[in-house]
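Descriptive analysis of the structure
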Amino acid sequence: MNPLSSHPGRLPAVPGSGGRRVWSLVRHPVVLPGVAVLLVAGLLLVYHTVLTQAVNQSVLQQKARSAQAQALWRCQQLSVVSARQACLRELAAPLPSGT
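Description of the overall build of the protein chain
Counting secondary structure elements, the protein chain contains three helices and zero strands. Secondary structure of the protein chain in N-to-C order comes out as α-α-α. In the protein chain, buried positions account for 5% of the 99 residues. Split by element, the accessible area of the protein chain, about 8800 Å² in all, is 68% carbon and sulfur.

Next up, the structure:
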C-alpha cells in the first residue's frame, strides 16, 4: 500500500491544475493516434536506414569478391610459372592493416 495515497496502488495526485491539464491532453482523442503515427514513422525511418546500410554493405562485398576473382584470373593467365606462383602468393597474403 502506498503511504502517500488513500488507495492502494495509486500514486498521489499532482497538486494544482497542471496535473489535470496534462492528463486531459493525454486523454484528448488526437494525442494518442498522433503519438502512434510519430512512433510508426520513426520505426519506418530506422528500418529504412538499416535496410539501406545492408544493401550498401552487400554491394561493397560483391565488388570486393569481383575484384578478387578478376585478380585470381589474371594471376592464372600468367605464362611463367614462377610469376604465377608469386602472384597467387601475393593474393593469398593478408592485407596490411593500414588500408
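Let's talk about the packing of helix α2 (residues 31–76) against helix α3 (residues 81–92)
Where α2 meets α3, the closest approach of the two axes is 8 Å, and the angle between their N-to-C directions is 160 degrees. For the element pair α2 / α3, the angle class is roughly antiparallel. Relative to α3, α2 is oriented so that their crossing is left-handed. Contact with α2, carried on its side by Q68, A71, L72, C75 and Q76, involves R84, C87, L88 and L91 of α3 and no other residues of that element. Broken down by class, the residue content of the contact of α2 with α3 amounts to six nonpolar, two polar and one charged.

Section: a nonpolar patch on the surface
Side chains of V22, W23, V26 and L32 sit close together on the surface and give an oily, nonpolar patch of about 410 Å² of accessible area. For the nonpolar patch, the leading source of residues is helix α1 (residues 18–26), giving three residues. Its location among the elements puts V26 in helix α1.

Focus: the state of the cysteines
Counted under the stated rule, the structure contains one disulfide. Sulfur-sulfur distance for the disulfide between C75 and C87 comes to 1.6 Å. Of note, the bridge from C75 to C87 carries an S-S torsion of about -60 degrees and is left-handed in sense. Here the residue C75 occupies a position in helix α2, and C87 occupies one in helix α3, the gap between them amounting to 12 residues. Of the residues examined, C75 reaches a relative accessible area of 1% and is grouped as buried. Owing to a relative accessible area of 23%, C87 belongs among the partly exposed residues under this scheme.

What about the confidence of the model for the protein chain?
On average, residues of the protein chain score 83 in pLDDT, and 79% of them reach the 70 mark or higher. The element-level mean pLDDT for the protein chain is lowest in α1, coming to 71, with α2 highest at 95.

Rules and cut-offs
Residues numbered from 1 in each chain as written. Predicted model: local features only at pLDDT ≥ 70, side-chain atom pairs only at ≥ 80, totals over all residues. Heavy atoms only, no water. Helix = DSSP H or I, 4+ residues; strand = E, 2+ residues; numbered from the N terminus. Buried < 20%, exposed > 50% of the residue type's maximum accessible area, 1.4 Å probe, protein only. Areas by Shrake-Rupley, 256 points an atom, 1.4 Å probe, with all protein chains shown as cover. Axes fitted to C-alpha atoms, helices over the stretch in contact; angles between N-to-C directions. Parallel < 35°, antiparallel > 145°, perpendicular 65-115°, else oblique. Left-handed = near helix turned anticlockwise from the far one by under 90°. Contact = heavy atoms within 4.5 Å. Nonpolar A, V, L, I, M, F, W, Y, C, P; charged D, E, K, R; others polar. Patch = residues over 30% accessible without salt bridge, like charges linked within 9 Å, V, L, I, M, F, W, Y side chains within 5 Å. Salt bridge = Lys/Arg side-chain N within 4 Å of Asp/Glu carboxyl O. Disulfide = S-S within 2.5 Å. pLDDT = per-residue confidence, 0-100.

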